[in-house]
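Chain residues, written in single-letter form:
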Amino acid sequence: MKAPADYLSHLNPAQRSAVEHFCGPLLVVAGAGSGKTRTLTYRVAHLIRNHSVDPENILAVTFTNKAAREMQERIQLIFAQQLAEQTYSHPLESLPLQEQTALRSRAYKRYIKPLWMGTFHSLFARLLRFDIDKYRDEKERKWERNFTIYDESDAQSLVKNIVTRQFDLDEKKFDPRSIRYAIGNAKNLGHSPQDFAREQQNYRGRVIGEIYDAYQTRLAENNALDFDDLLLVPARLFEQNESILGYWHDRFRHVLVDEYQDTNRIQYRLIRLLSTNGEPHRDRWSWQQRSIFVVGDADQSIYSFRMADFKILLEFQEDFGDGLPDDDTRTMVKLEENYRSRSNILEAANALIELNTERIDKVLRPTRGCGATIYCYKADNELVEAQFVRDRILDLRRADPELDWGSFAILYRTNAQSRALEDALRSEIPYIIVGGLKFYDRKEVKDALAYLRALVNPADTVSLLRIINTPRRGIGQATVDRLVAAARELGMPLWHVLQDETSVKTLAGRSAKAVQRFALTLQTWQSQVTERSAAEILDGILSDSGYYSDLQNQGTDEATSRLENLKELANAVIQFAEENEDLSLEGFLANASLASDLDNLEEGQQAVSAMTLHSAKGLEFPVVFLVGLEQGLFPHNRAIDDPAALEEERRLCYVGITRAREQLFLSFTRERRLWGMAREPALQSQFLQELPSELLESNIVPQRLPRKSVERDRPTVGTVSATAAIQNWQIGDRVIHQTLGPGEVTLVMGEGAKTTLGIKFPGLGTKIFDPKFAPMRRVEASAN
DNA sequence: AGTACTGACTTTTTT
DNA sequence: AGTCAGTACT
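Per chain, residues are indexed from 1 in the order of the written sequence. Following the order in which they are written, the chains are lettered starting with A and the ligands numbered starting with 1. Per-residue local features of the predicted model are confined to residues with pLDDT of at least 70, and side-chain atom pairs are confined, for both listing and counting, to 80 or more; whole-chain, interface and lining totals are unaffected and use all residues. Each side-chain value is derived from all of the structure's non-hydrogen atoms; neither hydrogens nor water enter the calculation.

Colleague: For this particular structure, what's the right way to read the overall build of chain A?
Modeller: A run of H or I in DSSP becomes a helix once it reaches four residues, and a run of E becomes a strand once it reaches two; helices and strands are each numbered from the N terminus. When its secondary structure is counted, chain A shows 33 helices and 24 strands. Only heavy atoms enter the contact rule, under which two residues are in contact if any of them lie within 4.5 Å. Sequence separation of 24 or more characterises 73% of the internal contacts of chain A that already satisfy a separation of 6 or more. Surface accessibility follows the Shrake-Rupley procedure with a 1.4 Å probe radius. Residue values consider only the protein chains on display as shielding. When the accessible surface of chain A is totalled, it reaches about 35600 Å², and 49% of it is carbon and sulfur.

Colleague: Would you take a moment to explain the pattern of salt bridges for this structure?
Modeller: Side-chain pairs of opposite charge can arise whenever the charged atoms involved come near each other. By definition here, a salt bridge exists when the distance from a side-chain nitrogen of Lys or Arg to a carboxyl oxygen of Asp or Glu is within 4 Å. Following the criterion strictly, the structure yields 51 salt bridges and no others. With its nearest N and O atoms 3.3 Å apart, the salt bridge here joins Arg670 to Asp380. Note that Arg670 is positioned in the loop between strand S16 (660–669) and strand S17 (671–672) and Asp380 in the loop between strand S11 (374–379) and helix H17 (382–399), a separation of 290 residues in sequence. When the shortest N-O distance is used, the salt bridge between Arg426 and Asp423 registers 2.3 Å. Working definition: with a 1.4 Å probe on protein chains only, accessible area under 20% of the residue-type maximum means buried, over 50% means exposed, and in between means partly exposed. We classify Arg426 as partly exposed; its relative accessible area is 47%. A relative accessible area of 47% places Asp423 in the partly exposed class. What emerges from the salt-bridge pattern is a single network uniting Glu152, Arg180, Lys187, Asp226, Asp228 and Asp229.

Colleague: Please clarify how the sheet that holds strand S6 (residues 254–257) should be interpreted in this entry.
Modeller: Strand pairing in a sheet relies on backbone hydrogen bonds. The paired strands run either parallel or antiparallel. The strand order across the open sheet formed by six strands is S3-S2-S6-S7-S1-S8, and the pairing between neighbours is parallel. Only two strands of the sheet have a single partner each, and these edge strands are strand S3 (116–118) and strand S8 (332–335). The average angle at which neighbouring strand axes cross in this sheet is 10 degrees, direction not considered. Paired strands are those between which DSSP finds at least two bridges. For strand S1 (residues 24–30) and strand S7 (residues 291–296), the ladder comprises six bridges, and the chain directions are parallel. Along S7, the bridge assignment pairs Leu27 with Val294. Orientation is described by axes fitted as lines to C-alpha atoms, over the contacting stretch for helices, and by angles from 0 to 180 degrees between their N-to-C directions. This element, helix H2 (residues 36–50), spans S1, strand S2 (58–61), S3, S6, S7 and S8 of the sheet and lies at about 165 degrees to S7.

Colleague: Would you explain the protein's contact with DNA strand C in this entry?
Modeller: Near, as used in this document, describes a residue that has one of its heavy atoms within 4 Å of the molecule or strand being considered. If you check the shell around DNA strand C, you find Lys160, Lys443, Arg466 and Arg562 and nothing else. Here a phosphate oxygen of DNA strand C and a side-chain polar atom of Arg562 are 3.4 Å apart. The residue inventory of the surface near DNA strand C, partitioned by class, reads no nonpolar, no polar and four charged. Definition of a polar contact: a pair of N or O atoms within 3.5 Å, with one able to donate and the other able to accept a hydrogen when the atoms are protein atoms, and with sequence-neighbouring residues admitted only if both atoms are side-chain atoms. Charged residues are taken to be Asp, Glu, Lys and Arg, nonpolar residues to be Ala, Val, Leu, Ile, Met, Phe, Trp, Tyr, Cys and Pro, and polar residues to be all remaining types, Gly included.

Colleague: Whenever I open this one, the sheet that holds strand S19 (residues 696–698) confuses me. Can you help?
Modeller: In space, the seven strands of this open sheet follow the order S13-S14-S12-S15-S16-S11-S19, with parallel pairing throughout. Among the strands making up the open sheet, the edge pair consists of strand S13 (431–433) and S19. Each neighbouring strand pair of the sheet contributes to a mean axis angle of 20 degrees, computed without reference to strand direction. Bridging between strand S15 (residues 621–626) and S16 involves five bridges; their strand directions are parallel. Within S16, the residue paired with Phe625 across the bridge is Phe665. Packing of helix H31 (residues 643–657) onto the sheet brings it into contact with strand S12 (408–412), S15 and S16, and relative to S15 it is tilted by some 140 degrees.

Colleague: Would you mind going over the protein's contact with DNA strand B with me for this structure?
Modeller: Arg413, Asn415, Ala416, Thr479 and Arg482 are the nearest of the 27 residues found near DNA strand B. Backbone atoms, meaning sugar and phosphate, make up 59% of the atoms of DNA strand B lying within 4 Å of the protein. A distance of 2.3 Å is found between a base oxygen of DNA strand B and a side-chain nitrogen or oxygen belonging to Arg413. Between DNA strand B and Thr612, the relevant distance is 2.9 Å, taken from a phosphate oxygen to a side-chain nitrogen or oxygen of the residue.

Colleague: Just to check I follow, could you spell out the packing of aromatic side chains for this structure?
Modeller: In this description, an aromatic ring pair is defined by two values, namely the gap between the centres and the angle between the planes. Here a Phe, Tyr or Trp ring, Trp counted by its six-membered ring, pairs with any other such ring whose centre lies within 6.5 Å, and the pair is stacked when the planes are under 30 degrees apart, edge-to-face when over 60, and tilted otherwise. This structure, assessed with the given rule, holds 27 aromatic pairs. For the ring pair Phe196 and Tyr212, a centre distance of 6.1 Å and an interplane angle of 85 degrees mean the geometry is edge-to-face. You can see Phe196 sitting in helix H8 (residues 193–199) and its partner Tyr212 sitting in helix H9 (residues 203–221), a full 16 residues away along the chain. Of the aromatic side chains, those joined through ring pairs into one cluster are Tyr260, Tyr268, Trp285, Trp287, Phe316 and Phe320.

Colleague: It is not clear to me how H2 should be interpreted in this structure. Could you clarify?
Modeller: Each α-helix turn comprises 3.6 residues. Residues three or four places apart therefore point the same way. Expected span, for any helix, means 1.5 Å times one less than how many residues it has. Look at H2: 20 Å from first C-alpha to last across 15 residues, which is about the 21 Å you get at 1.5 Å a residue. Across the 15 residues that make up H2, a large majority, eleven, are buried. Inspection of H2 places Lys36, Thr39, Leu40, Thr41, Tyr42, Arg43, Val44, Ala45, His46, Leu47 and Ile48 among the buried residues, and these make up the whole buried set. Within two residues after H2, Ser52 carries a phi angle of roughly 50 degrees, on the positive side.

Colleague: Explain empty space enclosed by the protein to me, please; I cannot follow it from the model alone.
Modeller: Rolled over the atoms, a probe sized like a water molecule indicates the empty space that remains. Each cavity reported here is a set of points on a 1 Å grid over the protein atoms alone in which a 1.4 Å probe fits but cannot get out, each pocket an open set with protein on both sides within 12 Å along at least five of seven lines, and each lining residue one with an atom within 4 Å of a point. Grid points are joined across faces, edges and corners, and a volume is the space filled by probe spheres set on the points. Under the defined criterion, the tally for this structure stands at two cavities of 30 Å³ or more. Reported here for the largest cavity is a volume of approximately 70 Å³. In this structure, the largest cavity is lined by 13 residues; those nearest its centre are Tyr135, Gln216, Asp229, Leu232 and Arg236. Along the lines of polarity and charge, the residues of the lining of the largest cavity split into six nonpolar, one polar and six charged. When its volume is computed, the second largest cavity comes out at roughly 30 Å³. Lining the second largest cavity, in full, are Ala30, Lys36, Glu259, Gln261, Gly296, Asp297 and Gln300.

Colleague: Whenever I open this one, the confidence of the model for chain A confuses me. Can you help?
Modeller: Regions with low pLDDT carry predicted coordinates that are not meant to be interpreted in detail. pLDDT is a residue-level measure of predictor confidence that goes from 0 to 100. Considering every residue of chain A, the mean pLDDT works out to 86; 88% of them sit at 70 or more. Low pLDDT (under 50) marks residues 702–725, which in the prediction has 32 contacts with non-local residues, meaning those over four places away or in another chain.

Set out below in structure tokens:
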């Protein structure tokens, strides 16, 4: 999307009224593809440009870091264009490149850098770097500003350690994963360990309550927070400290939230506190020079598993509105025109979502004509399904060289499904798997990050334990156990014990020496944390710790690839330093745990994207393959018996369908093998039956040979639009189209009445048609 | 005391 | 692909 300086003329009336809204609350109900990002972007620019709002008074919450970055780039462009007009009275594009760059960088410094724009987690992590030292929880636990952020796997291993080591419980009965999940749910409802304990009726619940309490203690000991704390702690801090809330309330006069339907109670609390300064009484709220602007679509709410609740969106007007009779028009705008998808794709999406009971009525109105019929493919198994996807991509691309690899997306319900797809694509099609096994989940990357964390935050025992004997340096389990026991007895962090000569001397000579050496290496680099750049420290600690040389000595292919991944990490460090003008290690680490794979998905990248439906939210592609439409997989087994969960799966399917601009392929398999089990027979997803059958063509009913349908190989007479009805189409056939002129068939899909054609028009590219409806006729049969 | 190897197990979705 | 428990070897 371009971001022209005269953006208002590019908006429809509803979008425009949203952009021009200044003070007070506004809910923008924005259906898929309705220009939501555009509206949000222009509104931020508009606030600054037309209402003279200082960028540092704006807080904009996006769903991914990538979305934030893209929005920042667009706003930057708008202001660079404005600066060009003001300074040179010429459009930006007409200036010498050097000037353009200079103006862009001026726009960045003045308008983008002071903006607070990002995910809930990254924004409030940033806020905590200022104020967390003023926070005390109900048990007087406290944190320092250099806290570490534990990702989900760090958090889980901490829980596991507590369950097995501290509580000596059976890991099978108290599965760390589900306990961590229970803790997370409690946190996302805003419940402390004490709140949680109070609600428990049974033994298991009370034990989990104690684990939760111990978990918080351990987090505090490690000066660490998990993802949920990044939201819960600021909410608590705001509630216990009026002056801190007052400061941020005053700072963030204009709050914008994207994807509001996927907000959870804690996130809502944060937004509410910041907007109203914690005033419980509506008559004390003042919207003078303030606004709260949220954008969302209840039909695309797909994160209830992490406690998101789309009722928060439905209740927005009641929450923030002034309750006046004309409430609807004053505090809500609906964007219902869809600019993205072909009308038939939209029709399918609308029909599906209407089966949900819990929703506000809203239809997406198409602005684009009908495209190729949605095709549904039944495969024998997941390998054949993958081959189908591969072959269609190759066909379509051959038919239209202008379709690049980046035009295709493959969407699935679970990450596990990517395996078979990868095998089929690998040799012939460039692809990227978004999400799944993330870069930051690689062993060597986690090791390297643990080294860095141990330098920035020596209290972080979890990281310290990860690297204390990685690579092997003669500090075995027995030694580690002793050190940890000593730390507990002395009531000090492990790190102090490692540095303490008298403690270390009690160990066997060889182990003592190894521990001493390790401690010395860390100390050396700790003293450099504020002296040197993150890149230098990373290289230094991995060299001095022997991590590099250990991998080099192994000399295996695997070790080589690990070294390459570390090089990539080094690049990420440098890139971060450049983009954020921040060379510090602390700066880099603060962001590393919050970065997701999706953030690296660049537009126009020359690769097919494969990802889960959840990851696909907010994205769009000309051609979309929605695979694995089988009962039990999608909708997932765990959702089938629960009406609310089933509706969420249906919304997920709706999200998938509405990602497609031009063409949509659906597929399922007759049997599927998941994680090495025997093949399981599969039934097609109920969602397939829920789509209007007249919008679909498929291979489900076995088709007879083409010859037999040729009996009606005569153009239907009389109708304007059906002059090219059922015929035996071949690649190379020539046609004349009523509006597009002469063209050549480059692709034939399906047979008989279900044929879809790709036709190339010189100078106009390739279009996809259903010959039953396209206003065109065949002029000459192909030579063969 | 430390290391090296094997086999079992893991996946619903994510910041 | 990684982690972890178990086991045998140095």
